[in-house]
Amino acid sequence: MVKTHIVKFVGTSNFKMFSNHMATIVRLAAQQQQQQKRGMATLKAISIRLKSVKNIQKITQSMKMVSAAKYNRAERDLKQARPLGVGTKEFYEQAEIQAPPEDEKKLVIAITSDRGLCGAVHTGVSRNIRDALLADPKERENTKIICVGEKSRAILSRLFANNILFVASEVGRKPPTFNDAAKVANEILNSGYSFGSGRIVYNRFKSVVSYAVDQLPLFDKNAVVSAPKLSVYDSLDENVIQSYLEFSLASLLFYSMKEGACSEQSSRMTAMDNASKNAGEMIDKLTLTFNRTRQAVITRELIEIISGAAALD
Amino acid sequence: MSAWRQAGLNYINYSQIAARVVRQALKADLRSEALKRDEVNVKFTQWKDGKPASKYIVFILFYLVVL
Amino acid sequence: MATIARNLRPYLRYIRNQRRTYADAATVSNEMKFTFAGANQVFYDQRVIKQVDVPSFSGSFGILPKHVPTLAVLKPGVVTVYEEDGSVKKVFVSSGTVTINENNSVQILAEEAHPLENLDGSAAREVLSKAQQQLSSATTEQDKAEAAIAVEVAEALVQALS
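Residues numbered from 1 in each chain as written. Chains lettered and ligands numbered in written order. Predicted model: local features only at pLDDT ≥ 70, side-chain atom pairs only at ≥ 80, totals over all residues. Heavy atoms only, no water.

- Per an unreviewed UniProt entry, chain C carries the name ATP synthase F(1) complex subunit delta, mitochondrial and comes from Frieseomelitta varia.
- If you open the UniProt record of chain C and go to Subcellular location (unreviewed entry), you find "Mitochondrion inner membrane".
- Turning to chain C, the UniProt annotation filed under Sequence similarities (unreviewed entry) states: "Belongs to the ATPase epsilon chain family." (UniProt positions renumbered as here; feature names shortened; annotations may be inferred.)

- Taking an unreviewed UniProt entry as the reference, chain A is identified by name as ATP synthase subunit gamma belonging to Frieseomelitta varia.

What follows is the structure, encoded as structure tokens:
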């Protein structure tokens, strides 16, 4: 039964469906293995299961290879995108811009993607937002959420469906481009939602094996204009600040999407590596059981022959 | 005020158009790689009152009202 | 007495360290920390340079170390960087932002930035004529504005390359 499942999944090569059922399959296989240890395991059943686990391993291995290649590209891209985000953030820090306390309207942007099977990348971002909103009912009322990627939508719409402003999907199949970020930024500007302050929640890539949930601040034009330290900045007019902030929003989004994509690929690589290792362990155990059972069958048949021959004497 | 802002565009739109034009003026061997950055993959679904607002529903309602 | 001295030692060291960092910061701030990146390529990442000229909507201007803090929005045109060793680099930028902070750090962030030698003059002229055609055939206010931007950028390209 497990085998037919797998064949179906491989045959349709439907990635999403496969990812949803993957955990179930592995659990099922493990369960059956236990059951049959207790009862009489037939050679046929074991060999079928062995084959299915081998198939799973092949899939996870190839997924690991794919994400390794994608990760390399994402890391290269990230290096190019980093100054864009860091440079933009530096102005916010240097000018000591603070959210105006009287404007309670807030915006949270969750940067995830459409694809799973990559550890806790997406849940980390969603949990960060969930915790912040659940902790303060007032904040929950005044915050709008923008989900970039279906994964954060799936998690956040369960609790905060009323807070979602819009969802950006089709993220994650290809590396994000500046145009993607610009489109999202444009959509935010055109949504008509005016907010005092906001934040982008994303995964910051640290190394192949680690990433951490981080956030970037967002400010409205009023917050920037009313910042006390802005007076040290020379010859500013409203148009310049507006254009400046519009471009900053796009480049911050671009940077956080790149960080997110890189974390995701590295995390998927590790997840798939672990899955292949686990499958390998299972294959070893199954092979052992298979050989032992085969030996038992041979021994039993020998005993039958010998005792049969002995009875004839 | 710039003419483009009066026409309802913002600096992001400006930047996108400008970047596209610059990419088209690249030398041929660099252009094909750069044109990949023209791609936009994201799609948007607006949400209202805790539900995704489907454009089809709006369409159907619109038709019902008109007809 | 000895115990008092031992107890005080970490604090003294702390004070001394602090003074040293202040001195370091003072020397750094005389130089410009220059970052110049496009979404496609990074040119300078916190490097020290002599001067940079940028085209902006509020007019083209040169930035030297200790420039007064300001913000500006880039206009399509050529950014000229004068490096420490005297060499000059010219990069065409499509659009983006210029930030000069109080701590003497300068950031130029662009959407597309390409060295002039990577651009093709004839392609730029072709783009210009196409954009001009589009401008003349545009009907709605928005189409006109979009075509006008394209013409503006293409003109800047042709001018930079001729």
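**A word on the interface of chain A and chain B**
Phase 1: Taken together, the contacts link 30 residues of chain A with 24 residues of chain B.
Phase 2: Summing both partners gives a buried area of about 2400 Å² for chain A against chain B, and 51% of it is carried by carbon and sulfur.
Phase 3: Our count for the chain A to chain B interface comes out at 2 salt bridges.
Phase 4: The partner of Glu39(B) in a salt bridge is Lys174(A), and the shortest N-O contact between them spans 3.6 Å. (Contact = heavy atoms within 4.5 Å. Buried area = accessible area lost by both parts, 1.4 Å probe. Salt bridge = Lys/Arg side-chain N within 4 Å of Asp/Glu carboxyl O.)

**Digging into the pattern of salt bridges**
Residues and elements named next belong to chain A.
Phase 1: With the rule as written, the count across this model stands at 22 salt bridges over all chains.
Phase 2: Between Glu304 and Arg300 there is a salt bridge, and its shortest N-O distance comes to 4.0 Å. Remark: Arg300 and Glu304 occur in helix H9 (residues 238-312); sequence separation between them is 4 residues, near one turn of the helix.
Phase 3: According to the relative accessible area criterion, Arg300 is partly exposed, its value standing at 44%. (Helix = DSSP H or I, 4+ residues; strand = E, 2+ residues; numbered from the N terminus. Buried < 20%, exposed > 50% of the residue type's maximum accessible area, 1.4 Å probe, protein only.)

**A closer look at the side chain of Asn10(B)**
Phase 1: Within the secondary structure, Asn10(B) sits in the loop between helix H1 (3-6) and helix H2 (11-24).
Phase 2: Side-chain polar atoms of Asn10(B) contact the backbone nitrogen of Ile12(B), separated by 3.1 Å.
Phase 3: In this structure, Asn10(B) is in contact with Asn186(A), Leu189(A), Asn190(A), Glu246(A), Trp4(B) and Arg5(B), ignoring residues within four places of it in sequence. (Polar contact = N/O pair within 3.5 Å; in protein donor to acceptor, adjacent residues only side chain to side chain.)

**Looking at the UniProt feature "domain: ATP synthase F1 complex delta/epsilon subunit N-terminal" (unreviewed entry) in chain C**
Phase 1: Sequence positions flagged by UniProt for "domain: ATP synthase F1 complex delta/epsilon subunit N-terminal" (unreviewed entry) are, in local numbering, residues 33-113 of chain C.
Phase 2: Helix makes up 0% of residues 33-113 of chain C and strand 64%. Its end C-alpha atoms lie 19 Å apart.

**Structural notes on unusual backbone geometry**
Phase 1: In this structure, Asp49(B) takes a positive phi of about 50° despite not being glycine.
Phase 2: By the element assignment, Asp49(B) lies in the loop between strand E1 (43-48) and strand E2 (51-52).
Phase 3: Residue Lys66(C) is not a glycine yet carries a positive backbone phi of 65°.
Phase 4: Mapped onto the fold, Lys66(C) is located in the loop between strand E3 (61-63) and strand E4 (70-74).

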